[in-house]
Amino acid sequence: GGAVNISADPQIAAGYDGQQLILQGTSNSNTVKIDDGAGVSLFRGVSFTLGSGDTLTFIYDASNSLWREIARTDQ
């Protein structure tokens, strides 16, 4: 238990071009932080911590090997 900052490279395994992925947080104490870089392109390069009910939505860009953020919600 406890907060996690993903440090793997890539942070999220590669997908296929156009694939969409939604990550949803389930806890305000066991949060997951996603950083810009390492296969992830976040809006304006701003990291995001997933707490309870928060979501990050991505689309995979195979030509650049990146999950690109297309939306986020911060409950």
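One structure accompanies this document, and this report is about it.

Basis of the calculations
- Residues numbered from 1 in each chain as written.
- Predicted model: local features only at pLDDT ≥ 70, side-chain atom pairs only at ≥ 80, totals over all residues.
- Heavy atoms only, no water.
- Pairing = 2+ DSSP bridges.
- Helix = DSSP H or I, 4+ residues; strand = E, 2+ residues; numbered from the N terminus.
- Salt bridge = Lys/Arg side-chain N within 4 Å of Asp/Glu carboxyl O.
- Buried < 20%, exposed > 50% of the residue type's maximum accessible area, 1.4 Å probe, protein only.
- Contact = heavy atoms within 4.5 Å.

For the rest of this paragraph, the subject is the sheet that holds strand β3 (residues 32-34). Here we have 3 strands laid out as an open sheet, ordered β1-β3-β5, and mixed in their pairing. The sheet is open, and its two borders are formed by β1 (4-5) and β5 (48-50), each paired with just one other strand. Here β1 pairs with β3 via 2 bridges, running parallel. Note that in β3 the partner of Asn-5 across the bridge is Lys-33.

A few words now on the pattern of salt bridges. Side-chain pairs of opposite charge can arise where the charged atoms are in close proximity. The final tally for this structure, using the stated rule, is 3 salt bridges. Between Asp-61 and Arg-68 there is a salt bridge; the shortest N-O distance is 2.8 Å. With its nearest N and O atoms 2.7 Å apart, the salt bridge here joins Glu-69 to Arg-72. A relative accessible area of 14% means that Glu-69 is categorised as buried. Looking at Arg-72, the relative accessible area reads 29%, which means it is partly exposed.

Let's shift gears to the environment of Gly-39. With respect to the helices, strands and loops of the structure, Gly-39 is situated in the loop between β3 and β4 (40-41). In sequence terms Gly-39 and Trp-67 are 28 residues apart; their C-alpha atoms lie 6.2 Å from each other. Contact partners of Gly-39, with chain neighbours within four places excluded, come to Pro-10, Ser-65, Leu-66 and Trp-67.

With mixed pairing, 4 strands are arranged side by side in an open sheet as β2-β6-β7-β4. Each edge of the sheet is formed by a strand with only one pairing partner; in this case those strands are β2 (20-24) and β4. By the bridge criterion, 2 bridges tie β4 to strand β7 (residues 66-73) in an arrangement that is parallel. By the bridge assignment for β7, Val-40 is matched with Trp-67.

Attention now moves to the pairing of β7. Across 7 bridges, the pairing between strand β6 (residues 55-61) and β7 is antiparallel. By the bridge assignment, Phe-58 is partnered in β7 with Glu-69. The loop that links β6 with its antiparallel partner β7 comprises 4 residues; one of these, Ser-65, has a positive phi angle of about 50°.

Here Ala-3 shows up in the segment before β1. Considered as a pair, Ala-3 and Ser-29 are 26 residues apart in the sequence and their alpha carbons are 6.5 Å apart. Non-local contacts of Ala-3, meaning those with residues more than four positions away in its chain, are made with Ser-29, Asn-30 and Thr-31.

Keep in mind that these numbers describe shape and distance, not what the molecule does.
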